[in-house]
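Here is how the chains run, residue by residue.
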Amino acid sequence: MKGFFQLISSAEFYRLFSRFSALPGENIADVKGLGRVVVDNSLTADEPLPPFSRSTMDGFAVRARDTFGCSESEPALLQIIGEIAMGCPGTEFTLGPGQAVHIWTGGELPVKGDSVVMVEYTHLLDEQTVEIFRPVAPGENVIRAGEDFAKGADILPEKRMLRPQDLGVLAGIGITRLQVHKRPKVGIISTGDELVPPNQPLAPGKIRDINSTTLAALVTEAGGIARSYGIIEDNLKKMLAVCEQALAENDMLLLSGGSSVGRRDFTLQVLEGLPGSELLAHGVAVRPGKPTLLAARDNKSIFGLPGHVASAMVVFYLFVRPLLRLYSGLPATHGLSEIQVTCGEQIPSSIGREEFVRVRLEKTAGHALPVATPVYGKSGLIRPLVEADGLLVIGRDVEGLDKYDTARVLLFP
């Protein structure tokens, strides 16, 4: 049991992630790239976007100088030399002084055309002549070629999950295949003789397994692929066999329960029995979540999570989620939004550990910041998490917070 419950700080825990690296890449169609991270962040545009200067309005393509000084009382009279149909090249027309071309939204500007007059500010005198009642500046109502992305421009910032707009850019410049980091596969095992699956009736002394469901959802939310290996009773031999199988099939293994100091808690023994595994940490100075365990085998990770649902979920947000993001090619951070809040009441804490208090947020008159009110409850209860909007952070060297103090809250996704 050497090293058991030798508490380390959360900062020391995060430093252990240097032991792991991002997963290798795989080639996918960009339509499947949502939420993925590109392996090579040096993607550049091979062509300008848009590829040609185009109108953003229905109206007339003109040389802006031909409209200067015009008004409703003194309109500019321009000769219509044609119409640019949608999808047809604007290069078929070259504007000379005093000329205009009828154009539609999205159409390519003619040669020498530098702006578009909206149809609302025009009047056709006949098929060859249009009156312009309002002047336009060069570039008005026009998107220039390469205005979105010039040829050779960098497309995406480093280490970011692809969003719908990112995929749109790639489609616009003709990139249809991507090399992205593989999605981490995560095996989930719940331990305990008292647990039964959610679809089973309850016998005396039994309770339904909540952690498998919540952890699988958290893994999916973080971009991973969750696979449940069911509930394993407190049997060391069986736990070793299932963990060995799960570790062979996944990049990460989450063991829920069995990481505390009970007579039949086998998590540490399981890790010691897995060939090639290395214990990195067992115990972190946070509340809730002190009996958190982390081990490694090659680039695979094994977490021993507390059995209590609130503790397991908090530990997931603080430590499991960052490592999943690292595997996915992202920075090893929790990736949660953070806001400043005002404490709605005094919140006690103890020096020597970081505390993560479940809080409900509301906007109140007289407070510039949202007001955070603790949602108290024991770590075995899930109701406080259902009612909470996030986790209020109390530093390890802070002896609680007073009412109206400013604090930091990590928002749930």
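The rules behind each value
- Residues numbered from 1 in each chain as written.
- Predicted model: local features only at pLDDT ≥ 70, side-chain atom pairs only at ≥ 80, totals over all residues.
- Heavy atoms only, no water.
- Phe/Tyr/Trp six-rings, centres within 6.5 Å; stacked < 30°, edge-to-face > 60°.
- Helix = DSSP H or I, 4+ residues; strand = E, 2+ residues; numbered from the N terminus.
- Buried < 20%, exposed > 50% of the residue type's maximum accessible area, 1.4 Å probe, protein only.
- Lys NZ or Arg CZ within 6 Å of the ring centre and 35° of its normal.
- Pairing = 2+ DSSP bridges.
- Axes fitted to C-alpha atoms, helices over the stretch in contact; angles between N-to-C directions.
- Contact = heavy atoms within 4.5 Å.

(A) Seen up close, the packing of aromatic side chains. Summed over all chains, the structure comprises seven aromatic pairs. Pairing Tyr14 with Phe319 gives two aromatic rings, centres 5.3 Å apart and planes at 45°, and the pair type is tilted. In this pair, Tyr14 is assigned in helix α1 (residues 10–15) and Phe319 in helix α6 (residues 309–327), connecting sequence segments 305 residues apart. Relative to Phe412, the ring of Tyr317 lies with its centre 5.2 Å away and its plane at 25°, an arrangement referred to as stacked. One end of the pair, Tyr317, is in helix α6; the other, Phe412, is in the segment after β24 (406–411), and 95 residues separate them in sequence. When sorted by exposure, Tyr317 lands in the same class as Phe412, which is buried. Sitting over the ring of Phe20, Arg19 keeps its end group 5.9 Å from the ring centre. We note Arg134 situated over the ring of Tyr121; from NZ or CZ to the ring centre the distance is 4.7 Å.

(B) A look at the sheet that holds strand β11 (residues 185–191). Strands sit in the order β14-β11-β15-β19-β18-β16 across an open sheet of six strands; the sheet is mixed. Edge positions in the sheet fall to β14 (225–232) and β16 (278–282), since each has one partner strand and no second. Shown here is a sheet whose adjacent strand axes are inclined to one another by a mean of 15°, direction ignored. With five bridges joining them, β11 and strand β15 (residues 252–256) adopt parallel strand pairing. Counterpart to Ser190 in the pairing with β15 is Ser256. Contacting β11, β14, β15 and β19 (300–305), helix α3 (residues 211–221) crosses the sheet at an angle of about 165° to β11. Of the strands in this sheet, β11, β14, β15, β18 (293–297) and β19 are in contact with helix α4 (residues 236–249), which crosses β14 at around 170°.

Shape descriptors only; they carry no functional weight alone.
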